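Spelled out from the first residue to the last, the chains are:
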Amino acid sequence: MTGIFITFEGPDGAGKSTQVARLSERLRGVGIRCITTREPGGTAISDRIRSILLDPSHREMAPRTEALLYAASRAQLVSQLIRPSLEGGAVVICDRYVDASLAYQGALGLDREALRALNRWATGGLTPDRTYLLDVPAALGLNRVKAARRAAFGGVDRIEERDVGYHEAVRRWFLDQARRSRRYLLIDGTRSVDEVAEEIWQDVRVVLNL
Ligand code: TYD
């Protein structure tokens, strides 16, 4: 595998998608071939799975169904887009990946070792080279999401709708991971978009040897 695989994680409303866009623009600006995608989604099949997962009317969805659908969406994305792009030497930037399942589905009480095994199988063991954890307090993130949805006359999705205690458990798992793993860079997502983008850029320059 010759490319570099970068993922963004963090609680809802941490600002990942803005930073993914900023980083990809900057990389393209210096002539680096880069592909951006997001989870759940990123392929036609994965986008259909996304709409099943996030539909607020699917109240009866069992936690294991949820975990399997995220893994199914991911398996398709890895096989159709991420792996071929890495093999072609591109930088691939993905908004969420396996860690999101360990955090979000783990916080439902599912066994994290089982989730790891499921996702290892779904992805063929593909692991990111670098993960940026944009951290914000769960309540702040949820307020940002709700304000953005109101502005767009939309509602929150099935996962965002869960209470702040759940989202705070998700955040704690991410923070714990960032402390344990050198693959992570912990970033304070409460700062301005420009400050966060600059911190990520300085790190990416080291990772990519720019
Ligand atoms: P998110 O990146 O927040 O999308 P958007 O910003 O477009 O709303 O992802 C959608 C939701 O899915 C989010 O609440 C987190 C959740 N999620 C999981 O629970 N498990 C996963 O494995 C992934 C990838 C996402």
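What you are looking at is a predicted structure, and each value in this text was computed from that prediction instead of being measured.

Engineer: Can you explain the packing of helix α2 (residues 44-54) against helix α3 (residues 63-87)? Please cite residues and give values.
Structural biologist: The N-to-C vectors of α2 and α3 enclose an angle of 160 degrees; their axes lie 9 Å apart at closest approach. The pairing of α2 with α3 is recorded here as roughly antiparallel in orientation. α3 is crossed by α2, and the crossing has left-handed handedness. Packed against α2, whose contacting residues are I45, S46, I49, I52, L53 and L54, the element α3 presents E66, L69, Y70, A72, S73, Q76 and L77 at the interface. Residues of the contact of α2 with α3, tallied by class, amount to 9 nonpolar, 3 polar and 1 charged.

Engineer: Describe in detail the pattern of salt bridges, supporting the description with residues and values.
Structural biologist: Tallying each qualifying case throughout the model produces 16 salt bridges. Between E198 and R26 there is a salt bridge, with its nearest N and O atoms 3.1 Å apart. On the criterion of sequence distance, the pair formed by E198 in helix α8 (residues 193-207) and R26 in helix α1 (residues 16-29) is long-range, its members being 172 residues apart. The salt bridge involving R130 is made with D203; its shortest N-O contact spans 2.9 Å. Taken together, the positions of R130 in strand β4 (residues 130-135) and D203 in helix α8 put the pair 73 residues apart, joining distant regions of the chain. Here R130 matches D203 in class, with each residue buried. Taken together, the shared-partner salt bridges connect E66, R158 and R162 into one network.

Basis of the calculations
Residues numbered from 1 in each chain as written. Predicted model: local features only at pLDDT ≥ 70, side-chain atom pairs only at ≥ 80, totals over all residues. Heavy atoms only, no water. Axes fitted to C-alpha atoms, helices over the stretch in contact; angles between N-to-C directions. Helix = DSSP H or I, 4+ residues; strand = E, 2+ residues; numbered from the N terminus. Parallel < 35°, antiparallel > 145°, perpendicular 65-115°, else oblique. Left-handed = near helix turned anticlockwise from the far one by under 90°. Contact = heavy atoms within 4.5 Å. Nonpolar A, V, L, I, M, F, W, Y, C, P; charged D, E, K, R; others polar. Salt bridge = Lys/Arg side-chain N within 4 Å of Asp/Glu carboxyl O. Buried < 20%, exposed > 50% of the residue type's maximum accessible area, 1.4 Å probe, protein only.

Read these as layout, nothing more, since geometry by itself doesn't imply function.
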